[in-house]
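# Summary of structural features
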Amino acid sequence: MEVIEVKTGRREEIVDITSMVENSLNVEEGLALIYSPHTTTSIIINEAESGLLEDIISQIGKLVPYRAGYRHDRIDSNADAHIKASIFGNSAVVPVKNGRLVLGTWQRILFVEFDGPRNRKVFVKVI
């Protein structure tokens, strides 16, 4: 299993980790499981166009606003981050062929931070 280090710089941001995942591959064929062990982050596959990434953050913020009176906020004011991560999920599985990720033309593996800035880890396991 490989570990990828991701350093985020804002409370909410999306980081394209596709090249880091691909560089961690050590097989010709299989399935790559990309997993975030953090309860306030997600792994998604989508296009990495900057306007789209801003739209994703903006729209999820409208659906799940920051400090909207959540019970968990009494502990550490990040309930929205947990809810957002629960909606998006914390892993993705991508086929590997000829030592490369099998992704569509515009698809990228994206790490989504909802409670940064922080130093995070992503685990990549090829089966």
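Residue indices begin from 1 for each chain and proceed along its sequence in written order. For a predicted model such as this one, the threshold for reporting local features is a pLDDT of at least 70, and the threshold for listing and counting side-chain atom pairs is 80 or more; totals across whole chains, interfaces and linings nevertheless cover every residue. Side-chain measures were taken over the full set of non-hydrogen atoms in the model, leaving aside hydrogen atoms and water.

### Examining the pattern of salt bridges
In the sections that follow, a salt bridge refers to a side-chain nitrogen of Lys or Arg positioned within 4 Å of a carboxyl oxygen of Asp or Glu. For the coordinates displayed, the defined rule picks out ten salt bridges. Taking the shortest distance from any N to any O, the salt bridge between Asp80 and Lys84 comes out at 3.1 Å. Residue Asp80 and its partner Lys84 are both found in helix α4 (residues 79-88); the two are separated by four residues, about one turn of the helix. Each residue is assigned to one of three classes by its accessible area relative to the maximum for its type, calculated with a 1.4 Å probe on protein chains only: buried under 20%, partly exposed between the two thresholds, exposed over 50%. On the basis of relative accessibility, which here comes to 0%, the residue Asp80 falls in the buried class. By sharing partners, the salt bridges in this structure join Arg11, Glu12, Asp80, Lys84, Asp115 and Arg118 into a single network. Working definition: helices are DSSP H or I runs of at least four residues, strands are E runs of at least two. Numbering for both runs from the N terminus.

### Some details on the nonpolar core
What we call a nonpolar core is a set of buried Ala, Val, Leu, Ile, Met, Phe, Trp, Tyr and Cys residues that are connected through their side-chain atoms within 4.5 Å. Core analysis: the largest hydrophobic core is formed by 18 residues, its most contacted members being Ile17, Val21, Ile34, Ile43, Leu101, Ile109 and Val122. Within the residue set of this core, elements represented by two or more residues are β1 (2-7), β3 (30-35), β5 (91-97), β7 (108-113) and β8 (119-126). Here, residues are in contact when the closest pair of their heavy atoms is within 4.5 Å. Apart from residues lying up to four places away in sequence, Val21 is in contact with Ile4, Ile34, Leu101, Ile109 and Val124. Formed by eleven residues, the second largest nonpolar core is a distinct cluster that contains Ile14, Leu53, Ala85 and Val112.

### Digging into helix α2 (residues 50-63)
For a helix, the expected span equals 1.5 Å multiplied by the number of residues minus one. Taking 1.5 Å as the rise per residue, α2 with 14 residues should run 20 Å; its terminal C-alpha atoms sit 20 Å apart, in good agreement. Summarising the contacts, the buried residues of α2 are in contact with β2 (13-16), α4 and β7. Polar contacts, as counted here, are pairs of nitrogen or oxygen atoms within 3.5 Å of one another; within protein the pair requires one atom able to donate a hydrogen and one able to accept it, and residues that are adjacent in sequence qualify only if both atoms are side-chain atoms. By the N-cap criterion, in which a side-chain oxygen at the helix start approaches the backbone nitrogen of a residue two or three places on, α2 is capped by Glu49, the distance to Gly51 being 2.9 Å.

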